[in-house]
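One-letter residues, chain by chain:
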Amino acid sequence: VLSAALTLNIATIDLQDVLFYQKEELSKAQQEEIHSHPFQGVEALHAFDVTDRTWLDAVMQHHEFLDGSGYPQGIKGDEICEAARIFTLGDIYCAKLVGRGYRSPLPPHKAIRELYCGERGHAIDPALARYFAGELGMYPPGSVVRLVNGDVAVVIRNGAKINEPIACSIIRPDGTVYLNPRERDCSQGEFAI
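It should be emphasised that the depicted structure is a prediction, and the values quoted were computed from it without experimental measurement.

### Brief notes about the environment of glycine 99
Next up, step 1: Inspection of the secondary structure puts glycine 99 in the loop between α5 (82-98) and α6 (108-116).
Next up, step 2: Take glycine 99: its relative accessible area is 2%, and that puts it in the buried class.
Next up, step 3: Along the chain, glycine 99 and phenylalanine 20 lie 79 residues apart, while their C-alpha atoms are 7.9 Å from each other.
Next up, step 4: In this view, glycine 99 contacts Ser104 and Pro105; residues no more than four positions away in its chain are not counted.

Structure (structure tokens):
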């Protein structure tokens, strides 16, 4: 599964670099390349003598949706392997964070909220989406947040609830830097995000 995660987009590495800087929407040729990259990825893995069925299925199916609206095969439901279902969530989440020249990135809490709240209807596995959101939290570690008390803080780990992490205040409300960051439990009112 880890090998599959590292090679999901093996066939689009060059295109991803182009899309990062591209200001206009995808061209027809780019859309076709994206829609065919799971097939091309599996072909590339076969060329490297990869035969593991889980690995190959995950690469082939990571853009498939439970309702059959995905690609490249339009399979649905239990036809999609669990690894691919997980990777679909990660792929959607990362695409929302990165953005493109033609669409702005979302902050982590908005990207995870869209997955958690079922933005894609019946397309993604709701149980996995809830688990995914629970593991990452609404504010994943590394997120920079402003607290009710005015501090700017960096999230360091999840808290008891997905929207109440543990953070370290790094900048005071007056803009001065804490020499020793202060740990804050965001479930407490004055340290809420």
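### Notes on the nonpolar core
Next up, step 1: Core analysis: the biggest nonpolar cluster contains 22 residues, and Leu89, Leu115 and Ile124 have the highest contact counts within it.
Next up, step 2: At the level of elements, α5, α6, α7 (126-136) and β2 (152-161) are the ones that each hand at least two residues to this core.
Next up, step 3: Excluding residues that lie within four positions of it along the chain, isoleucine 124 makes contacts with Phe65, Leu66, Thr88, Leu89, Ile92, Leu115 and Ala129.

### Section: the pattern of salt bridges
Next up, step 1: Overall, the coordinates contain six salt bridges when judged by the stated rule.
Next up, step 2: We note a salt bridge from aspartate 57 to arginine 53, for which the minimum N-O separation is 3.1 Å. Of this pair, aspartate 57 and arginine 53 both sit in helix α4 (residues 53-61), four residues apart, roughly one helical turn.
Next up, step 3: Relative accessible area serves as the criterion here: at 22%, aspartate 57 is assigned to the partly exposed category.
Next up, step 4: Residues participating in the shared-partner salt-bridge network are Asp78, Arg85 and Asp125.

### Some details on the packing of α5 against α7
Next up, step 1: The geometry of α5 relative to α7 is characterised by a closest axis approach of 10 Å and an angle of 55 degrees between their N-to-C directions. By the angle between their directions, the pair α5 and α7 is classed as oblique. Crossing of α5 against α7: the hand is right-handed. Contacts between α5 and α7 pair Arg85, Ile86, Leu89, Gly90 and Tyr93 from the former with Leu128, Ala129, Phe132 and Leu136 from the latter.
Next up, step 2: Taken together, the residues that form the contact of α5 with α7 break down as seven nonpolar, one polar and one charged.

Each value, and the rule that gives it
- Residues numbered from 1 in each chain as written.
- Predicted model: local features only at pLDDT ≥ 70, side-chain atom pairs only at ≥ 80, totals over all residues.
- Heavy atoms only, no water.
- Helix = DSSP H or I, 4+ residues; strand = E, 2+ residues; numbered from the N terminus.
- Buried < 20%, exposed > 50% of the residue type's maximum accessible area, 1.4 Å probe, protein only.
- Contact = heavy atoms within 4.5 Å.
- Core = buried A, V, L, I, M, F, W, Y, C linked by side-chain atoms within 4.5 Å.
- Salt bridge = Lys/Arg side-chain N within 4 Å of Asp/Glu carboxyl O.
- Axes fitted to C-alpha atoms, helices over the stretch in contact; angles between N-to-C directions.
- Parallel < 35°, antiparallel > 145°, perpendicular 65-115°, else oblique.
- Left-handed = near helix turned anticlockwise from the far one by under 90°.
- Nonpolar A, V, L, I, M, F, W, Y, C, P; charged D, E, K, R; others polar.

Purely spatial values, then, with no claim about function.
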